[in-house]
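Chain by chain, the residues run as shown.
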Amino acid sequence: MKISTEEFVKLFAGKSVAIVGNANSLLKQDYGWLIDAHDVVCRFNTGATHARDYEKSGRRTTVSFFNVMRAWLPEEGISVHVSRRAREESDPDYFIPISTIDEIAGIIDVDRPSSGMMVNHFIHEYAKPARVSLFGFDFKATKTWYHQKEGRLDPHDYVKEGEYTKTILANDLMWSIY
C-alpha cells in the first residue's frame with residue numbers, strides 16, 4: 001500500500017509515539033509494556049523484524065523503517081525507506097524524502113545520518129505527535145543488539161546525533177528518552 005506524505009504524517013499527528021532504537025541497552029530494562037502502550041510504535045532495520053525479548057522491547061510495530069529494503073519486511077504495519085541508497089530496488093509504503101535526509105545531514109554536518117536520526121528529525125519537524133518516547137537510543141554507548149561483531153565499519157557520527165537529539169529533548173517537553 002503506497003501512502004502520501006500527508007497520509008504518513010497523519011499516522012503520528014496527535015498520537016503517542018514510541019521510537020525504538022536498537023542499542024543493546026534496550027535489553028537491560030523491562031520496557032515492553034510501556035513501548036506497547038503507545039499509539040504508534042516505530043522500529044528500525046533488522047530490529048523491526050527479528051524476535052527479541054518482548055518484556056524488554058515490546059511486541060507491537062506500527063511503522064518499520066529500513067535503510068535498505070529487505071525480503072523480510074514485517075507482515076503488518078507500514079514500511080518506510082529512510083536512505084538515499086537503493087531506492088530503485090525498494091518497494092516500501094513510503095519513502096522519507098531525500099530533501100529531509102539532506103536537511104538533517106546539513107543540520108548536524110554529516111554525510112550520512114543514521115536511520116534513527118532521520119526518523120527522529122522527520123517526526124520532530126513534520127509529524128506533530130502528542131508525545132514521543134525514545135527507547136534503545138544511547139548513541140553507541142552500547143552496540144546495536146543485532147550487530148555484535150568487533151571492527152564493524154559504521155558511517156555515522158553518533159556524537160553529533162546524540163547532541164542533536166539531546167537538544168530536542170531539552171527543548172521539547174513532549175519528547176523523553178528511556
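The rules we used
Residues numbered from 1 in each chain as written. Predicted model: local features only at pLDDT ≥ 70, side-chain atom pairs only at ≥ 80, totals over all residues. Heavy atoms only, no water. Helix = DSSP H or I, 4+ residues; strand = E, 2+ residues; numbered from the N terminus. Buried < 20%, exposed > 50% of the residue type's maximum accessible area, 1.4 Å probe, protein only. Pairing = 2+ DSSP bridges. Salt bridge = Lys/Arg side-chain N within 4 Å of Asp/Glu carboxyl O. Core = buried A, V, L, I, M, F, W, Y, C linked by side-chain atoms within 4.5 Å. Axes fitted to C-alpha atoms, helices over the stretch in contact; angles between N-to-C directions. Parallel < 35°, antiparallel > 145°, perpendicular 65-115°, else oblique. Contact = heavy atoms within 4.5 Å. Nonpolar A, V, L, I, M, F, W, Y, C, P; charged D, E, K, R; others polar.

## Some thoughts on unusual backbone geometry
- For Asp109, which is not glycine, the phi torsion reads 60° and is therefore positive.
- You can see Asp109 is positioned in the loop between α4 (98-108) and α5 (115-127).
- By relative accessible area, which is 59% here, Asp109 ends up exposed.
- Although it is not a glycine, Lys128 adopts a positive phi angle of roughly 60°.
- If you trace the backbone, Lys128 turns up in the loop between α5 and β6 (131-135).

## Some words on the pairing of strand β4 (residues 78-81)
- Because side chains alternate across β4, one face comprises the buried residues Ile78 and Val80, and the other comprises Ser79 and His81, equally buried.
- Both strand β3 (residues 63-66) and β4 contribute to a ladder of 4 bridges, which runs parallel. Bridging across to β4, Phe65 finds its partner in Val80.
- For β4 and strand β5 (residues 94-95), the ladder comprises 2 bridges, and the chain directions are parallel. Each bridged residue has a counterpart across the sheet, and for Val80 the counterpart in β5 is Tyr94.

## Section: the pattern of salt bridges
- Inspection of every chain in the model, using the stated rule, returns 5 salt bridges.
- For Asp30, the salt bridge identified is with Lys56, shortest N-O distance 3.0 Å. Within this pair, whereas Asp30 is found in the loop between β1 (16-20) and α2 (32-36), its partner Lys56 is found in helix α3 (residues 54-57), the two being separated by 26 residues in sequence.
- The residue Asp102 makes a salt bridge to Arg84 at a minimum N-O spacing of 2.8 Å. Here Asp102 is found in helix α4, whereas its partner Arg84 is found in the loop between β4 and β5, with 18 residues between them in sequence.

## As for the nonpolar core
- Core analysis: the biggest nonpolar cluster contains 34 residues, and Phe8, Phe12, Ile19, Val63, Phe65, Val80 and Ile123 have the highest contact counts within it.
- Top contributing element to this core by residue count: α5, with 6 residues.
- Ala18, Val20, Leu34 and Phe135 belong to the second-largest nonpolar core, a separate cluster that totals 8 residues.

## Section: the packing of α4 against helix α6 (residues 158-171)
- It is at 10 Å that the axes of α4 and α6 come closest, and there the two elements cross at 95°. In terms of orientation, α4 and α6 fall into the roughly perpendicular class. Along the contact surface, α4 presents Ile104, Ile107 and Ile108, while α6 presents Lys160, Glu161 and Tyr164.
- In terms of residue class, the contact of α4 with α6 is made up of 4 nonpolar, no polar and 2 charged.

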